[in-house]
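Analysis of the macromolecular model
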Amino acid sequence: MITINVTLGLSWTIISFVSFLTCRYLVRPLTNYRLFPNKTDNQDKASLKPPCRTWLTDSDEERWQRLNLLISWIHALITGVLVLYSFLSYSGLRHDFVEHVNFVTYVTCSISFGYFCYDLCDVISNRRGADLLEILLHHIVVLLFFGLNIFRVRNIGYQMFALLAEVNSIFLHARKLFHLFHISRENFFVRLNMILNILTFFFCRLCMLFFVTLFVYHDRHRVGDSYYIFVTCILIPVMWIINPILFYRVLYTDFLKRYKSRQLMS
């Protein structure tokens, strides 16, 4: 029987980091598909420099965005499937978010931790624009939350519940990929993805966040004082700011804006 401890978590974190790094080079040829460079846009972005130039830095902004989102989509698909499988298969996970831990759920959390470590390095090396600070804040808070759970081998259920957001990320990242690969918004699969994206965003992000807020308060005497303070004073407030704003942006762009345009045309 495999012992679940920090060594196991660190091992799978490193395996995850290296795997996503390898995947970066495997999927890179896909970034050339339907690539129509916008000279004006490229000139504007060329004047902006990433915070740190490393061997991960890509000179082409649009190609990097495609690459970054493809890796993010792969992570969301893997994690989303594992999270759904775990909640359906392990009753202990559904009943105790604090003490529950088994090999599948712990490894799932470690894989996701490794991915966010990789993505933080990628973002710092390539991201340009005003939303950089928002992404960095999100990643740093998430990594602190994941790291506390993995190194303490505790509250794994809360991390798995939070990872339900990756079910939505499958459709959220696909939405952006459709745009970057210049797939028409009138395409059937694009429109279907819009509907699934908004539904899963509401249930897997906003509802999840609402219940995490309630459950952590209910378990406040079990999760640990420092953990409770971090989650309630930093993690949850940051997520309650980021997610509703992102939800409104998606809702407005994909539905409200289109509805207003049709009203004006009629």
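Numbers given to residues run from 1 along each chain, matching the order in which its sequence is written. Restriction of local features to residues with pLDDT of at least 70 applies here, the model being predicted, together with a cutoff of 80 or more for giving and counting side-chain atom pairs; totals for whole chains, interfaces and linings are based on all residues. For side-chain calculations, the full set of non-hydrogen atoms in the structure is used, while hydrogens and water are omitted.

Side note on the overall build of the protein chain
Quick reminder of the rule: Helix and strand definitions here come from DSSP, where helices need a minimum of 4 consecutive H or I residues and strands a minimum of 2 consecutive E residues; each element is numbered from the N-terminal end. In this setup the radius of gyration rests on C-alpha atoms only. A globule is expected at 2.2 Å times the number of residues raised to 0.38. Only protein chains enter the accessibility calculation, which uses a 1.4 Å probe; a residue whose area is less than 20% of its type maximum is buried, one above 50% is exposed, and one in between is partly exposed. The contact definition used throughout considers only heavy atoms, calling two residues in contact when any of these lie within 4.5 Å. Per-residue and other accessible areas were derived by the Shrake-Rupley procedure at a 1.4 Å probe size, with only the shown protein chains allowed to occlude residues. Charge assignment: positive for Lys and Arg, negative for Asp and Glu; neither His nor the chain ends contribute. Working definition for charges: the position is that of NZ of Lys, CZ of Arg, CG of Asp or CD of Glu.
Scanning the protein chain from terminus to terminus reveals 11 helices and zero strands. Each helix (α) and strand (β) of the protein chain, taken in turn from the N terminus, gives the series α-α-α-α-α-α-α-α-α-α-α. Here the C-alpha radius of gyration of the protein chain, 19 Å, is about what a compact globule of 266 residues would show, namely 18 Å. Projected onto the principal axes, the alpha-carbon positions of the protein chain cover approximately 55 × 50 × 30 Å. When burial is assessed residue by residue, the protein chain has 46% of its 266 residues classed as buried. Contacts spanning at least 24 positions in sequence make up 83% of the contacts within the protein chain whose residues lie at least 6 apart. Accessible area of the protein chain: about 14200 Å², with a carbon and sulfur share of 69%. Averaging the coordinates of the 26 positive side-chain charges in the protein chain and doing the same for the 17 negative ones gives two points 5 Å apart.

Describing the pattern of salt bridges
For the record, the criterion: The term salt bridge refers to a pairing of a side-chain nitrogen on Lys or Arg with a carboxyl oxygen on Asp or Glu at a separation within 4 Å.
By the definition in use, this model includes 11 salt bridges. A salt bridge links Asp60 to Arg63; the shortest N-O distance between them is 3.4 Å.

Some thoughts on the nonpolar core
We apply this condition: In this text, buried Ala, Val, Leu, Ile, Met, Phe, Trp, Tyr and Cys residues form a nonpolar core when linked through side-chain atoms within 4.5 Å.
Ranked by internal contacts, the top residues of the largest apolar core, which has 57 residues, are Phe87, Phe145, Tyr158, Met160 and Val231. Mapped by element, the contributors of at least two residues to this core are α1 (6–27), α3 (61–89), α5 (103–126), α6 (132–152), α7 (156–162), α8 (165–180), α9 (188–218) and α11 (225–265). Looking at this core element by element, the count peaks at 10 residues for α5. Ranked by size, the runner-up nonpolar core spans six residues in total, among them Ile198, Phe201, Leu206 and Phe247.

Section: the packing of aromatic side chains
Inclusion rule: Stacked, edge-to-face and tilted are the three classes for Phe, Tyr and Trp ring pairs, Trp counted by its six-membered ring, which pair at centre distances within 6.5 Å; planes under 30 degrees apart are stacked, over 60 edge-to-face, the rest tilted.
Considering all chains together, one arrives at 21 aromatic pairs under this definition. When the ring of Tyr85 is compared with that of Tyr90, the centres are 5.9 Å apart and the planes differ by 85°; the resulting orientation is edge-to-face. With 5.9 Å between their ring centres and 45° between their planes, Phe161 and Phe215 make a pair best called tilted. One end of the pair, Phe161, is in helix α7; the other, Phe215, is in helix α9, with 54 residues separating them in the sequence. Here the aromatic cluster, defined as three or more aromatic residues joined through ring pairs, consists of Phe87, Phe97, Tyr158, Phe161, Phe210, Phe211 and Phe215.

Description of unusual backbone geometry
The backbone phi angle of Val153 is positive, close to 50°, even though this residue is not glycine. Looking at the secondary structure, you find Val153 in the loop between α6 and α7. The backbone of Asn155 shows a phi angle near 60°, a positive value even though the residue is not glycine. Tracing the sequence through the fold places Asn155 in the loop between α6 and α7. Residue classification places Asn155 among the buried positions, given a relative accessible area of 0%.

Considering a nonpolar patch on the surface
This is how the line gets drawn: The patch calculation keeps residues exceeding 30% relative accessible area without a salt bridge and links them within 9 Å when they carry like charges or within 5 Å when they are nonpolar (Val, Leu, Ile, Met, Phe, Trp, Tyr).
Where nonpolar side chains cluster on the molecular surface, the patch consists of Phe210, Phe211, Leu214, Phe215 and Trp240 and spans about 440 Å² of accessible area. Looking at the nonpolar patch, the element that brings in the most residues is α9, giving four residues. For Phe210, the position within the fold is in helix α9. Using a relative accessible area of 43% as the deciding quantity, one classes Phe210 as partly exposed.

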